[in-house]
Amino acid sequence: MKKNTISDNDFISAPIHKDFYFNKYLEIPTVIKAYPEIEQILTDSKYIACITVQVAQLQKVEYQYGSLIYNDMLAKISDMLKSIKKKSFRDEDIFLVDLHDVDTFIIFLSPPRKNDTQLLDHLDTIAGKARINIEKEIFTMLYPYSKDFERPAIGYALVINNPMINNIRLIMQALNNSIRMGQFMSEKQDYISHYQLQKLIIEGNITTVFQPIVDLQSLDILGYETLTRGPEETEFASPLLLFTLASKFGLSFELDSICRKKAFESVRNISTDKKIFINTLTMTIHDPEFRGAYLADLLEDIKIKPENVVFEINEKLAIDNYDLFRTAMKDYHDIGIVHASDDIGTGMTDLERIMELNPGYMKIDISMVRDIHKSFIKEEMVKAMVSLAKNLGSLIIAEGIETKEEFIKLKELNVAYGQGYFLGRPSEEMRDINRDYLKNL
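Quick notes on the rules
- Residues numbered from 1 in each chain as written.
- Predicted model: local features only at pLDDT ≥ 70, side-chain atom pairs only at ≥ 80, totals over all residues.
- Heavy atoms only, no water.
- Core = buried A, V, L, I, M, F, W, Y, C linked by side-chain atoms within 4.5 Å.
- Buried < 20%, exposed > 50% of the residue type's maximum accessible area, 1.4 Å probe, protein only.
- Contact = heavy atoms within 4.5 Å.
- Patch = residues over 30% accessible without salt bridge, like charges linked within 9 Å, V, L, I, M, F, W, Y side chains within 5 Å.
- Areas by Shrake-Rupley, 256 points an atom, 1.4 Å probe, with all protein chains shown as cover.
- Salt bridge = Lys/Arg side-chain N within 4 Å of Asp/Glu carboxyl O.
- Lys, Arg positive; Asp, Glu negative; His and termini not counted.
- Charge placed at Lys NZ, Arg CZ, Asp CG, Glu CD.
- Helix = DSSP H or I, 4+ residues; strand = E, 2+ residues; numbered from the N terminus.
- pLDDT = per-residue confidence, 0-100.
- 1 Å grid on protein atoms, 1.4 Å probe; cavity = no way out; pocket = protein on both sides within 12 Å on 5 of 7 lines; lining within 4 Å.
- Points joined across faces, edges and corners; volume = space filled by probe spheres on them.
- Nonpolar A, V, L, I, M, F, W, Y, C, P; charged D, E, K, R; others polar.
- Axes fitted to C-alpha atoms, helices over the stretch in contact; angles between N-to-C directions.
- Parallel < 35°, antiparallel > 145°, perpendicular 65-115°, else oblique.

Visitor: Explain the nonpolar core here, please?
Guide: Soluble globular proteins tend to bury their nonpolar side chains together. In this structure, F264, L295, F311, I401 and V415 are the most contacted members of the largest nonpolar core, which totals 50 residues. The contact partners of F311, leaving out residues within four places of it in the chain, are R260, F264, I278, T280, I285, F290, L295, Y332, I337, V338, H339 and A340. Of all hydrophobic cores here, the second largest spans 29 residues; its members include V97, A127, A130 and Y156.

If you want it as C-alpha cells, here you go:
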C-alpha cells in the first residue's frame, strides 16, 4: 500500500495565498514551502529532528507599540538567528518560520555526513549552545520595549518514521513537541537562574567596579560611581540582566544590599578623597540595619567622610510615600550623606521627585544624552534641567557620554559633570582620565 505523502505540487495547487510558502518580509520559507526537503530527510534517515526558537514576548511588543516596530524586531531576530545558523549549523539544515506563528523559528537538522555520527547524542548540546547565544541578544534587543525578562522558548524534538502514519502528521508532531519542550525548558531555566542568583547573593560572588564622574569644564574628577558586575561566562555578567532577573525573582532588596556592602568593602582598600556614588533602591533606604549609628561607624571604619558618600536613588518608579522617604533619609542627612536622583528624563515622575526631595545631584539619563548634538528638543530639555538645578542648588550629572560630539555639546550647555565610556570605562581601580586628549577637543 502506498504511503500518503504531500508533494510540492499538492501545496502549489492548494487554494491558499502565496505568502504561506515564503515570508517575504523575513526572507525565510515556511514549513509548507520546505516540506518536500523535510519529508526527504524523514524518509532517508528514518527519523527527523528539529530545534525551535519561540519569542513569545514579541506579541506584547506588537500590542503595545504596533506592527511596524514588531516587524522591525522580528526581522532583527531573524537576522540574528540566520547568523547563528551560519556559524553553528550546517548549510544543509533547513531554517524556517512557523506558518501560523511567525514568532516561532524552526531548524530541521539534516542527516549526519558520516554514518557513525550520532546526531541524537548532540541534540541537547546543540540546543544548549543556541540558548546561550540567543537569550542575551534577544533580551538586549527587546529591553527598550519590554522591561521584563522573558526567555525565548528553545526546544528540540524528533520523530521516527512510521509507515502507518502520514508524514505530515509526524513532522508536525515533531514541531509541536519541540515548541512544548522549549516552553518547559524556559520555565526550568528560570528555576535554575533563581537558585543561582540566590547562591550568588549568599556567597557575595560579585565584583565592584568604579567609573569616574568628571567636571566637564575643568576635567577634575568629582568622584566615582560604584557599579556591579556578576561572574563572567554567566547570564549575570550583564548588569542589566542581573538586576532585571533580581526583580523578576523578588530578590531586588537582597541583591541591592549585597552590592552596597561589597561597594563599601572595595572602597576600604582604596585611599581617596573623592565622592563615592553608590546605587540603592528606594526600598533599601528603609533598611533598619543600615541607618544611623551603624552606617556612621562603618564609614569611620573604612575612612570615608560621610559628605563624600552619595546614595543614588536608583528607582525608575515613583516613590510611594515622600514623607516616609524623607523621614528615612533624615538619618543619612544627619551624618552628612546626600542623595542623587538617578535616571532623570525617563518618566513623568521626575519633576515630582525633584520637587519633593530636592536632591543634591540630578543625573540625566543616557536616553537624553544619546545624540544630543542632533536633537534640538533634547538640547532645550537639558538647558531647562541645568537652569532648574542651579535654582535648586543641585548639580547636574550627564550619564552615558559615549562620543566626542555629545561631550562637546554638554559642555556648551553648561552641564556641570558627566560620566560615560568616552570619559572613562568602569574598572576595578579608580583610574584617572585622559586629560590631555579631552583638553584639546
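The structure having been displayed, the exposition proceeds.
Visitor: Just to check I follow, could you spell out a negative patch on the surface for this structure?
Guide: Residues E232, E233, E428 and E429 make up a contiguous surface patch of negative charge. Among the secondary structure elements, E233 is positioned in the loop between β8 (221-229) and α7 (239-248). Classification of E233 by relative accessible area gives exposed; the value is 79%.

Visitor: Would you take a moment to explain the confidence of the model for the protein for this structure?
Guide: Averaged over every residue, the pLDDT of the protein is 83; residues scoring 70 or more account for 86%. For the protein, per-element mean pLDDT is lowest for helix α1 (residues 8-13), which scores 45, and highest for strand β14 (residues 417-418), which scores 96. Scored below 50 in pLDDT, residues 1-17 shows 25 contacts in the model against residues more than four places distant or in partner chains.

Visitor: How do you make sense of empty space enclosed by the protein when you look at a structure like this?
Guide: Taking a probe equal in size to a water molecule and rolling it over the atoms shows the remaining empty space. Counted by the stated rule, this structure contains 3 cavities of 30 Å³ or more. By volume, the largest cavity amounts to about 90 Å³. Lining of the largest cavity is provided by I51, V53, L81, I84, K85, F89, F95, F105, I106, I107, A130 and I134. Put simply, the parts of the chain that give the lining of the largest cavity at least two residues each are β3 (47-54), α4 (67-88), β5 (104-108) and α5 (119-142). Considered class by class, the residues forming the lining of the largest cavity number 11 nonpolar, no polar and 1 charged.

Visitor: Explain the packing of helix α3 (residues 58-65) against α4 here, please?
Guide: Relative orientation and spacing of two packed helices are given, respectively, by the angle between their axes and the distance between those axes. Where α3 contacts α4, the two axes come as close as 7 Å, and the packing angle between them is 150°. Relative to α4, the element α3 lies roughly antiparallel. Listed contacts from α4 to L58, V61, E62 and Y65 of α3 are S67, I69, Y70, M73, L74 and I77. Among the residues making up the contact of α3 with α4, the classes are represented as 8 nonpolar, 1 polar and 1 charged.

Visitor: Please clarify how the packing of helix α2 (residues 31-45) against helix α6 (residues 167-203) should be interpreted in this entry.
Guide: In the contact formed by α2 and α6, the axes pass within 10 Å of each other and the chain directions differ by 100°. In terms of their interaxial angle, α2 and α6 are classed as roughly perpendicular. Taken together, the residues of α6 that come into contact with α2 (itself represented by V31, Y35, I38, E39, L42 and T43) are N167, I168, L170, I171 and L175.

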